[in-house]
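Observations on chain architecture
Here is what each chain is made of, one letter per residue.
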Amino acid sequence: MIKAAVMGYGTIGSGVVEVLDINQKSIAKRVGEGIEIKYVLDIRDFPGDAIQNKIVHDYTVIANDPEVQIVVETMGGVEPAYTFVKAMLEAGKHVTTSNKALVADKGAELIALAKEKNVNFMFEASVGGGIPIIRSLLNALTADEIEEITGILNGTTNYMMTKMSADGSEFADVLKDAQEKGYAEKDPTADIEGYDACRKIAILTSLVCGQQADFRDIHTEGITKVSAVDMKYAGQIGRAIKLLASSKKTPEGYAVMVAPFLLSAAHPLYHVNDVFNAVFVHGNVLGDAMFYGSGAGKLPTASAVVADMVDIARHIGCNIPIEWNQEKMEFAEFGNMKNVFFVRTNSSQKEAEDVFGKIEYVDAGVEGEIGFITGEMTEADFAAKSARLTILSAIRVGN
């Protein structure tokens, strides 16, 4: 019996315990022996819960127990998760985590430490919840050079955009609805400002490039400026607004950004609605592929964590190589990225044409303003032109 520990008995941590219990027989068959939770680390006690007799409050209890071979981290945040995970790896224990903040910030360092100690640091659940995108990049797509990864990587914002589109609701109303349903946190900043998606695309870019893609250098916009009026225009032209996290290989380096985009019905991500996530991948040999599923939630995410545990259990005595070194990669200059833009303004048509030249008007029956689509231009050029008009809203138009 392989002994394991879980650090953090919240939504995901309790889900891991539940998945191990529900599927214990099938997991034992795949591993060759069972996986048993010996400790659960948490600052709280859980009287009446069957887990209470396994609760410990000091992480060194786990680090110092030679019986424990696999440790799961589901606490979230960089600290104290980093300190705890580092201690486990240094003690020769394998670690899997669902913590995107930790992986985006410390992933390269922890991977290097795991290699040094001949153990594994795995993090499938940190990006796509239950979607096996990381395992696919590391194992199934190794014959390809990945030229693009574009994804809907946040279920909360995707639910909100779907709701606004379907009901014509305003942002504040759908945010309240998402919070009431438990999709959005009391403090939703990480979701609605795009920070969550930013960390996830940084992780995927790091894995594709083998270097540290620093999330702090990624241009990131959230959905807080998207309005019901924007949705009205989107419907008029048969498009949907989605918050996309995108990483594309260019001659100048990887162009990485997070922002709302207007997608046509022909785009593979157009039909991804509600709390579902999806990742579109383009390889130089494979061509196009897409991974779709539950990007969050207790059991889907816990399923990905347990899948890592099974993989680790099959490789207890060795390190599975992951190419991701600590050298920081340089992104393509944001100002040089090219996009097409949808613009709303209360300036006149003449003023709009004087600034942007040939444009395509969109009539959604909104009084006191005009909407139009520009030609392709660089981000820097668009910013300069926008400064010459009164812009009510600007959203990039996807291919």
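The following paragraphs examine the structure supplied in this document. Since the model is a prediction, treat every value here as computed from it, not as a measurement.

**Here's the deal with the overall build of the protein chain**
A count of helical and extended segments in the protein chain gives 15 helices and 17 strands. Taking 21 Å as the expected radius of gyration for a compact globule of 399 residues, we find that the protein chain reaches 23 Å, a close match to that expectation. The principal-axis extent of the C-alpha atoms belonging to the protein chain is close to 75 × 45 × 35 Å. Counting the 399 residues in the protein chain, one finds 55% classified as buried. Put simply, 73% of the contacts in the protein chain that link residues at least 6 apart link residues at least 24 apart. Total accessible area on the protein chain stands at roughly 17500 Å², and carbon and sulfur atoms take up 48% of it. Distance between charge centres in the protein chain, computed from 37 positive and 54 negative side chains, equals 3 Å.

**A few points about the pairing of strand β11 (residues 276-283)**
Burial of β11 is extensive: six of the eight residues sit out of reach of the surface. In the sheet, strand β7 (residues 146-152) pairs with β11 via six bridges, with the strands oriented antiparallel. Its bridge partner being in β11, I149 is matched across the sheet by V281. Once β11 ends, the chain turns through three residues before running back antiparallel as strand β12 (residues 287-294).

**So, the packing of aromatic side chains**
Per the stated rule, a full pass over the model turns up 11 aromatic pairs. With a centroid separation of 5.9 Å and an interplanar angle of 75°, the aromatic rings of F123 and W324 are classed as edge-to-face. Of this pair, F123 sits in the loop between β6 (121-122) and α6 (125-128) while W324 sits in the loop between α13 (298-314) and β13 (338-345), and the two are 201 residues apart along the sequence. For F123, a relative accessible area of 2% translates into the label buried. Using a relative accessible area of 4% as the deciding quantity, one classes W324 as buried. On the numbers, 6.4 Å between centres and 70° between planes, the contact of Y361 with F372 is edge-to-face. Highlighted residues: Y361 in strand β14 (residues 360-362) and F372 in strand β15 (residues 370-373), separated in sequence by 11 residues. Since its relative accessible area comes to 0%, F372 is described here as buried. An aromatic cluster is defined as three or more aromatic residues linked by ring pairs; in this entry it consists of F341, F356, Y361, F372 and F382. Above the plane of the ring of Y82 lies K106, whose end atom (NZ or CZ) is 4.8 Å from the centre.

**Thoughts on the sheet that holds strand β3 (residues 55-56)**
Ordered by their spatial adjacency, six strands build an open sheet running β3-β2-β1-β4-β5-β6, and the pairing between neighbours is parallel. The open sheet has two free edges, formed respectively by β3 and β6, since each of these has just one partner strand. Relative to β6, strand β5 (residues 94-97) runs parallel, the two being bridged by two bridges. Following the sheet pairing, T96 is matched in β6 by M122. Together, β1 (2-7), β2 (35-41), β4 (68-73), β5 and β6 form the strand contacts of α13, whose direction differs from that of β5 by roughly 160°.

**Details of the pairing of β5**
Covered by surrounding structure in β5 are H94 and T96 together with V95 and T97, the residues of both alternating faces. Examined bridge by bridge, β4 and β5 share four bridges and lie parallel to one another. Of the residues in β5, the one forming a bridge with E73 is T97. The parallel pair β4 and β5, bridged by helix α4 (residues 81-90), forms a crossover whose chirality is right-handed. At this point the chain moves from β5, through helix α5 (residues 100-116), to the parallel β6, and the crossover so formed is right-handed.

**Here we look at the side chain of D144**
The residue D144 is located in the loop between α7 (133-140) and β7 in this model. Here D144 occupies a buried position and makes no salt bridge, while the nearest side chain of opposite charge, K249, is found at 11 Å. A polar atom in the side chain of D144 sits 2.9 Å from the backbone nitrogen of V285. When residues no more than four places from it in sequence are discounted, the contact partners of D144 are G283, N284, V285, L286 and G287.

So, how was this worked out
Within each chain, residue numbers correspond to sequence positions counted from 1 in written order. Given that the model is predicted, a residue must reach a pLDDT of at least 70 before its local features are reported, and side-chain atom pairs must reach 80 or more before they are shown or counted; all residues, however, enter totals for whole chains, interfaces and linings. Side-chain metrics rest on all non-hydrogen atoms present in the structure, leaving aside hydrogens and water. Counting from the N terminus, the helices are the DSSP runs of H or I reaching at least four residues and the strands are the DSSP runs of E reaching at least two. Radius of gyration: over C-alpha atoms. The globule rule applied is 2.2 Å multiplied by the number of residues raised to the 0.38 power. The buried label goes to any residue with under 20% of its type's maximum accessible area, the exposed label to any with over 50%, and the partly exposed label to all in between, with areas taken from a 1.4 Å probe on protein chains only. By definition in these notes, contact holds between two residues if any of their heavy atoms fall within 4.5 Å. Methods summary: accessible areas were calculated by the Shrake-Rupley approach with a probe of 1.4 Å, and residue burial reflects only the protein chains presented. His is not counted, nor are the chain ends; Lys and Arg add positive charge and Asp and Glu add negative charge. For charged residues, the charge sits on one atom: NZ in Lys, CZ in Arg, CG in Asp, CD in Glu. We treat two strands as partners when DSSP finds at least two bridges between them. Here a Phe, Tyr or Trp ring, Trp counted by its six-membered ring, pairs with any other such ring whose centre lies within 6.5 Å, and the pair is stacked when the planes are under 30 degrees apart, edge-to-face when over 60, and tilted otherwise. Over a ring means this: the NZ of a Lys or the CZ of an Arg is within 6 Å of the ring centre and within 35 degrees of the ring normal. Where helices are involved, their axes are fitted lines through C-alpha atoms of the stretch in contact, as for all axes, and angles between N-to-C directions lie from 0 to 180°. Whether a crossover is right-handed comes down to one check: with the strands pointing away from the viewer, does the path from the first strand over the helix to the second run clockwise; if it does, it is right-handed. Here, a salt bridge means any Lys or Arg side-chain nitrogen found within 4 Å of an Asp or Glu carboxyl oxygen. Pairing of N or O atoms within 3.5 Å defines a polar contact, subject to two protein rules: one partner must be a possible hydrogen donor and the other a possible acceptor, and residues neighboring in sequence count only if both atoms are side-chain atoms.

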